Amino acid sequence: MTTTLTIRKETSGKAARPPVEERRARRRAGLALGVPPVAWIAFFLFVPYAYLLILSLWRVNPLSPYLPVVHDWNIDSYLRILQEPAYLKVLLRSLVNGLCATAAATVLGFPIAYFLAFKVTRRRMFWYMLVIVPLWVSYLVRAYAWKVILGDYGVVNGALRAIGLTDHPVHLLYSRFAVILTLSHVFTPFMILTSYAILERIPRSLVEASYDLGNGRLKTFAKVTLPLSWPGILAGAFFTLGLASGDFVAPSLVGGASDVMIAQQIYQEFGAVNNRPFAAALGFTLLCLVMVLVFMSSWLEKREQIEG
Amino acid sequence: MSAAVTGSGGAVQLRGITKSYGQVLAVDALDLTVRRGEFLTLLGPSGCGKTTTLRIIGGFEFPDRGSAGVLGKDVTYLPPFKRPVNTVFQNYALFPHRSVAENIGYGLKAMGMSRADQASRVAEMLRLVQLEGTERRRPRELSGGQQQRVALARAIAPKPEVLLLDEPLGSLDYKLRKLMQVELKEIHRKLGTTFVYVTHDQEEAMAMSDRICVMRAGKVVQEGTPTQIYDRPASRYVADFVGNMNFLPAALLAMSDPAEACVQGLGQFTLGQINDAQPGPVTVGIRHEDVQVRGGAAADRSPAPANSFRAKCVAALPIGSVTRLIIEASNGVRLMADVQRDGANLYEGNDVEVTLPSARLCAFAEDRS
């Protein structure tokens, strides 16, 4: 105890410390730089979320025809979500769709990122742009494209008919399959970009060291490359899971009546039913569920790092 | 078309190795035999092809032409994981997600060694590099010097036939580097493994090697023991790269025995060694520490020895174990002399007599490239 104290005294002695005036000036400069982004985040992120939470704890007055929100604190909206299986089902479906899309995006995206980072030596920018360019096209257009591809008289059915596999349309569109397919397609680039970013930073000498010590390509991938790219894969998975679970466009465009996802439900409650506190409660529940998943996986990863 | 590697002449045999990257020729028809148990150093500036040569032995690069053999077995196109060779990488390349013990045991596990044997070998290696007690730590929790030792332990744990070291001390500070040089040499003696060492640091090469190959533009320009390289450099390039040498333009006189040269502005000198220089314009060289200096007053009392001239000592620089004198002859020719520290500062600003002992004075052909 005493030793640490003496050491600290010595290292932060008066000579090393700049004069008071300068320190004040530095602090002011730091504040000036720090305030705008903090204010931005506070205003556009924390304030809306806080309002969402507050709104979800109020209720509407069902007796008035315009259903005004009354500032009457209660947790009825959350109880209703828990009690009515229909809402839990929609929430669960959203999460499962999100997880499926995440899994598909990982299986598709990681190998592409690996190929880009390790195998492409020439014209890497060209291949990289091939991944980026689709992101420039409006999401709506990309989702709409699947309508053309999957429709009863769309590209897939046309091809199936042409080779004589079937003579009546196979219903692909307006299904849960179509929703997950579209979500996977739309969010795979995120997985590619985050994985690529981390794969590119893995020193090649680590792979060489593994070869050198007698492990072949597969074992090297399993023991060195993959463990070191977990952070990138996880980051991509968080993106995909969060965005896909709360997606509105894909289920609206290519989903069927029984494939409703939570964003559509919220839209319904907000727009058609005009029960804003309940819509807010649904939104907040989804946020919490995704956060729980994110924290769980990052906790698992940390534990793995410490123990593995 | 690799020439068959035959016989068991050495631990490593390279025959006509050629490797280019695009337009750049990195290694040019290189022949090299490393004897068993030898500490061989490839010495040269960056870009001379020494690292590429090492990577070809390690299996990280395949040559365009030529063959590589380890212990008489052709390994030219074998991947690294099938060679009885291990590497200590320049930046250590320790696995950041694995503990020190796991790093050292990595190659043992790949060999399929039993857990108990792995553990005892890891412990043995940690003792060898004096890192007991760090088993459970991660590489990033260690200092640069400790990481270096882990990298060494990891590479020697599988008991390779040949250990390749790619500038392993490059990122350590001066003091630690000196210490590690001694330790590396010690470990080499204990293990008896063949070491192939790559460095651009001539002091390092001198201190550790049994044999040095000085490289230039993908070729070995001179090989020999550290003493041979230092005392009998075969070219100006080698002389310049190893140690400190004065170079003076001169004309080599037609063959006489002993050889004589007329050094520009200083007169005629007898040479000890002329390498492959031909009569005509040459460069003569003498190491800083071989230049003999005595005070003008002392010189006045005795006859001038051979190979000497009068000059002025412009400055005396206390560079450490010796004092470096900067000497200027009357016509502006400058050279440096490293002399004993005692009384050396008295020379500063005074007339001196400078002797270039003929045994230490050598001539080099004009550099053709």
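Trainee: So what exactly am I meant to see when it comes to the overall build of chain B here?
Mentor: The helix and strand inventory of chain B stands at nine helices and 20 strands. With respect to the three principal axes, the spread of C-alpha positions in chain B is 80 × 50 × 35 Å. Buried positions account for 45% of the 369 residues belonging to chain B. Long-range pairs, those at least 24 residues apart, make up 67% of the contacts in chain B with a sequence separation of at least 6.

Trainee: Please clarify how the pairing of strand E19 (residues 351–355) of chain B should be interpreted in this entry.
Mentor: A regular strand places its side chains so that they alternate between the two faces of the sheet. Residue and element names in this part refer to chain B. Both strand E15 (residues 292–295) and E19 contribute to a ladder of four bridges, which runs antiparallel. Its bridge partner being in E19, glutamine 292 is matched across the sheet by threonine 355. Both strand E16 (residues 308–318) and E19 contribute to a ladder of five bridges, which runs antiparallel. Each bridged residue has a counterpart across the sheet, and for phenylalanine 309 the counterpart in E19 is valine 354.

Trainee: So what exactly am I meant to see when it comes to the domain arrangement of chain A here?
Mentor: One frequently used descriptor of interface size is the decrease in accessible area upon assembly of the parts. Entries for chain A in the domain assignment read domain 1 (15–56) and domain 2 (83–307). Residues that form the side of domain 1 of chain A that touches domain 2 of chain A fall into these classes: three nonpolar, one polar and no charged.

Trainee: Looking at this structure, how should I read the interface of chain A and chain B?
Mentor: Listed per partner, the contact involves 15 residues of chain A and 17 residues of chain B. Where the side of chain A that touches chain B is concerned, the elements lending two or more residues are helix H9 (204–212) and helix H10 (217–245) of chain A. Residue contributions to the side of chain A that touches chain B peak at six residues, all from H9(A). Per-class residue counts for the side of chain A that touches chain B are eight nonpolar, five polar and two charged.

Conventions used here
Residues numbered from 1 in each chain as written. Chains lettered and ligands numbered in written order. Predicted model: local features only at pLDDT ≥ 70, side-chain atom pairs only at ≥ 80, totals over all residues. Helix = DSSP H or I, 4+ residues; strand = E, 2+ residues; numbered from the N terminus. Buried ≥ 20, exposed ≤ 12 C-beta atoms within 10 Å, placed from the backbone. Contact = placed C-beta atoms within 7 Å. Pairing = 2+ DSSP bridges. Domains from an automatic or database assignment. Nonpolar A, V, L, I, M, F, W, Y, C, P; charged D, E, K, R; others polar.

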